[in-house]
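# Working through the structure, step by step
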Amino acid sequence: MFEPVLLKNIDVPDGHLLSTYEAGGGYKALAKVLREYTPDEVVELVKRSNLRGRGGAGFLTGMKWSFVPKQSGKPKYLCCNADEGEPGTFKDRILMERDPHQLIEGLAVSAYAIGAEIAYVYIRGEYVTAIRHLEEAIAEAHAKGYLGSRILGSDFNFTVHIHCGAGAYICGEETAMLESLEGKRAQPRLKPPFPAVAGLYASPTVINNVETLACVPHIVVRGPDWFRDIGPDKSPGPKLYCVSGQVRKPGLYELPMGIPLRELVDHAGGPPPGRKIKAVIPGGVSAPVIPEHGLDVGMDFDSLAAAGSMLGSAGVIVIDDSTCMVKVATRIIEFFHHESCGKCTPCREGLNWVVKVLRRVEGGDGAPGDLEQLDMLCKGIFGNTFCALGDGAAMGLRAALKHFREEFVAHVEERRCPFH
């Protein structure tokens, strides 16, 4: 039985309060690094753990921290991307609502490691309870000396600010989030330069996800070897999986990284009575769908990449055999089209065109050549955009067309949906 790490306070009464967090060993990691480690030693500790970012890209966290220049002459910033706009994803919201001090301690340790004195938590404005609990937790941490000046008697000064976003999916992309933080329209920047060198206010900046930062205190207290013993060596650690869709027990599950996708769906109770699984989207709607025969793949970055999909945000959406995949693909592309920031032509115009063709096919008005046109549009979008939004849309549609092409053909030839 896997013992929860990140969710250990999830069902504890008043789990969001400082007293509860301290009773469970909270802020011991911060005290330890301030007492025993130099910033460079903390970076090396996280490097040895092989912690990879839980926001989607899966980049090695310690490696990202090491890119921050030591003598830039500019202030350094730490940004937590808590926007969580990926459909099917809700893990960061739960962490912030139920255990906000875990995030704050992760922020403090990470800021010490990179030499930052200011952090911004960029959170979507709809997360009202999470915002309130974070604000209360920051005030508690300041009052107890875990934030502010000369923290725990050291020379380390650190402050956390909350910035509420307006619900733009594009702010999940790190440079678009930085643009929004600076008061500009949220659109991705051309890279290089990368944020580690020229990020917020053109200063060195590290951007990490909520779940990533929540892992850091546990690595400090329990050691990098403990972390690497959980799951595969290249993608280790505990992992939060958001399971929704057509399953009996949708919810948030903490299990080892690399658990087989089929086993994860079984943890969520499997499909509804009388139904069979048709496919699963493993990492939010930007991740290519995996058909039922491929569900024995491990839920980690490398295994899913080898299977033609990606872990992404680990927003697992289960689809049973009563569902029309043309409808699924249409709704997903409509979402991406709506959320496109409009900066680059392939995404702005290409997704508009894709939506029109898919709606025509779904509505029974498809024409010969429509599927070939969709293939062509995916090819024109993929790899030609400023950020991964267009890539995710194209990858998802390509997978649906590959694995369930017969359903698209049936819509065109029969001029109706065979499921409805």
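Notes on the structure in this doc start here. (Residues numbered from 1 in each chain as written. Predicted model: local features only at pLDDT ≥ 70, side-chain atom pairs only at ≥ 80, totals over all residues. Heavy atoms only, no water.)

## Let's talk about the side chain of Asp 370
To keep it simple, the criterion reads: Secondary structure elements are taken from DSSP: a helix is a run of H or I of four residues or more, a strand is a run of E of two residues or more, and numbering for both begins at the N terminus. Any N or O atom pair separated by 3.5 Å or less is treated as a polar contact, with the protein-specific requirement of one donor-capable and one acceptor-capable atom, and with residues adjacent in sequence counted only for side-chain atom pairs. Note on contacts: a residue pair is in contact if any heavy atoms of the two residues lie within 4.5 Å.
Position of Asp 370 relative to the elements: it lies in helix α16 (residues 370–381). Side-chain polar atoms of Asp 370 contact the side chain of Arg 360, separated by 2.7 Å. Engagement of the side chain of Asp 370 in a polar contact is seen with the backbone nitrogen of Ala 367, the distance being 2.8 Å. Among residues more than four places away in sequence, those in contact with Asp 370 are Val 357, Arg 360 and Val 361.

## Re unusual backbone geometry
A cis amide bond links Lys 191 to the next residue, Pro 192, at an omega of 0 degrees. Along the chain, Pro 192 turns up in the loop between α8 (174–181) and α9 (195–198). In the segment running from Pro 192 into Pro 193, the intervening peptide bond is cis, with an omega of 5 degrees. Relative to the helices and strands, Pro 193 resides in the loop between α8 and α9. Look at Tyr 27: it is not a glycine, yet its phi comes out positive at around 70 degrees. For Tyr 27, the position within the fold is in the loop between α1 (18–23) and α2 (28–36). Phi at Ala 202 takes a positive value of approximately 60 degrees, unusual for a residue other than glycine. For Ala 202, the location among the structural elements is in the loop between α9 and β4 (205–209).

## Concerning a nonpolar patch on the surface
Formally: Patch membership is restricted to residues that have no salt bridge and whose relative accessible area is over 30%. Joining uses 9 Å for like charges and 5 Å for the nonpolar side chains Val, Leu, Ile, Met, Phe, Trp and Tyr. Working definition of accessibility: Shrake-Rupley area with a 1.4 Å probe, residue cover restricted to the visible protein chains. By convention in these notes, a salt bridge is any Lys or Arg side-chain nitrogen within 4 Å of a carboxyl oxygen on Asp or Glu. The classification of residues rests on relative accessible area computed with a 1.4 Å probe and restricted to protein chains. Under 20% of the type maximum is buried, over 50% is exposed, and intermediate values are partly exposed.
Side chains of Phe 59, Leu 60, Met 63 and Phe 67 sit close together on the surface and give an oily, nonpolar patch of about 340 Å² of accessible area. Positionally, Leu 60 belongs in the loop between α3 (39–49) and α4 (61–66). Given a relative accessible area of 33%, Leu 60 falls into the partly exposed group.

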